[in-house]
Amino acid sequence: MRFAVIQFGGSNCDRDARYVISDICGVDCDLVWYKDGLSRPYDAVILPGGFSYGDYLRAGAIAARTPVMKDVIAHAQKGRLVLGICNGAQILAESGLVPGVFTINAYPKFICRSVYLRVETTNSPFTSLYRNGDIIRIPIAHKEGRFVAPEDLLCELNDAARIAFRFCDAAGNLTPDSNPNGAMEHITGVLNETRNVLAMMPHPERASEEILSSEDGKKVFLSMITHIEHAKGVTS
Amino acid sequence: MIFLAKITISLKEGMLDPEAMAIRHALGNLGFATDELRTKKLFMVRFDAADAHDAEEKARGMCERLLANPVIHHYEIEVHR
């Protein structure tokens, strides 16, 4: 099993993501410079957080049009896993791999703090080890993270249970105060139609060790690893 | 022929514009009362095209493939020689 973390100019959570995959979860993980492309098959690709291209134009817009994204799209089309975290989520939305857009926060400043999320579906390779309705604590760190989608798309996402996480309070309620960036319907984690691509604004790699005050995010990576192990077991 | 395209990207009607709200608030602090403030992004792009129609098509392609995000934006194009 092998993961890849793609580094764009301006990525800054690439090493954190690799650290969690390799040192905490014990799975091989390559850092791949975006100009090198995906030169071998990977079981999962992570687009990490950061400020690719300085967030010029729109966060993620320029990275989404780099040639390596053709490799990522081809990888996803084979049913393999893609996880976009923060800037990675913005890149996935800009590339069309997940629907909607992550745009400037309702209160337009950078927010960096721990928030509560409610796990909205366990029917995905990224959330299978959680329980439905679990309340988890994971940090956010973004200025452009407000999820926006047209009404019909919101219906579609709800109907197909493609919302992975919503912002909530400590008790799991969707109160206005618990929605830090003003996201539509508190949405901050979205799956693609085939459920093998997840875009999420919160940083699970920053909440994967008790020493960092929460390891609630670790199950995102462990769910992915479990999914891959299972898929390999079935095919071999 | 060299054309200059003036491309204006704006938020669709009804979309929240937090930057505009913050700017309007700051104008208020300076004593400027305003009823409305919207932000738009203007791109001036010079490029070669066969004719005005071709230039417009190319500018439209730029909008649809990069400059605008169709979920939240609409765009206007003016082409000049």
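Predicted model only: the values in this text are computed from it and were never measured.

Novice: Sorry if this is basic, but what is going on with the interface of chain B and chain A here?
Specialist: Where interface size is quoted, it is often the accessible area lost as the parts come together. Residue-level contacts link 15 residues of chain B with 16 residues of chain A. Taken together, the two surfaces of chain B and chain A that pack against each other cover about 1200 Å², and 66% of this comes from carbon and sulfur. Along the contact surface separating chain B from chain A lie zero salt bridges. Linking chain B with chain A are five residue pairs in polar contact (both at pLDDT 80 or more). Secondary-structure elements contributing two or more residues to the side of chain B that touches chain A are helix 1 (18-29), strand 2 (40-48) and helix 2 (52-67) of chain B.

Novice: So what exactly am I meant to see when it comes to the pattern of salt bridges here?
Specialist: All names here are of chain B. Under the defined criterion, the tally for this structure stands at 15 salt bridges over all chains. Among the salt bridges present, the one from Arg38 reaches Glu13, with a minimum N-O distance of 3.7 Å. Of this pair, Arg38 sits in the loop between helix 1 and strand 2 while Glu13 sits in the loop between strand 1 (2-11) and helix 1, placing them 25 residues apart in sequence. The burial state of Arg38 is the same as that of Glu13; both residues are exposed.

Novice: I tried to follow the sheet that holds strand 9 (residues 163-168) of chain A on my own but got confused; where do I start?
Specialist: Backbone-to-backbone hydrogen bonds pair the strands of a sheet. The strands run either parallel or antiparallel. All names here are of chain A. Strand order across the open sheet formed by nine strands is 2-1-3-4-11-10-9-6-7, with mixed pairing between neighbours. Looking at which strands have only one partner, the edges of the open sheet turn out to be strand 2 (28-33) and strand 7 (135-142). Taken pair by pair, the neighbouring strands of this sheet meet at an average axis angle of 25°, ignoring direction. Sheet analysis places strand 3 (residues 44-47) next to strand 4 (residues 81-85), joined by four bridges and oriented parallel. Note on strand 4: the bridge partner recorded for Leu47 is Gly84.

Novice: Which parts of the structure should I look at to understand the confidence of the model for chain B?
Specialist: Atomic detail in the predicted coordinates should be set aside for any region of low pLDDT. Here chain B averages 96 in pLDDT, and 100% of its residues register 70 or above. For this predicted complex, the interface score ipTM comes out at 0.85, while the overall pTM is 0.94.

Novice: Teacher, can you tell me more about the sheet that holds strand 1 of chain B here?
Specialist: Residues and elements named next belong to chain B. Overall, antiparallel pairing links the three strands, which are arranged 2-1-3 in an open sheet. The open sheet has two free edges, formed respectively by strand 2 and strand 3 (73-80), since each of these has just one partner strand. Within this sheet the neighbouring strands show an average axis-to-axis angle of 20°, counted without direction. As judged from the eight bridges shared by strand 1 and strand 3, these two strands associate in the antiparallel manner.

What counts, and at which threshold
Residues numbered from 1 in each chain as written. Chains lettered and ligands numbered in written order. Predicted model: local features only at pLDDT ≥ 70, side-chain atom pairs only at ≥ 80, totals over all residues. Heavy atoms only, no water. Contact = heavy atoms within 4.5 Å. Buried area = accessible area lost by both parts, 1.4 Å probe. Salt bridge = Lys/Arg side-chain N within 4 Å of Asp/Glu carboxyl O. Polar contact = N/O pair within 3.5 Å; in protein donor to acceptor, adjacent residues only side chain to side chain. Helix = DSSP H or I, 4+ residues; strand = E, 2+ residues; numbered from the N terminus. Buried < 20%, exposed > 50% of the residue type's maximum accessible area, 1.4 Å probe, protein only. Pairing = 2+ DSSP bridges. Axes fitted to C-alpha atoms, helices over the stretch in contact; angles between N-to-C directions. pLDDT = per-residue confidence, 0-100.

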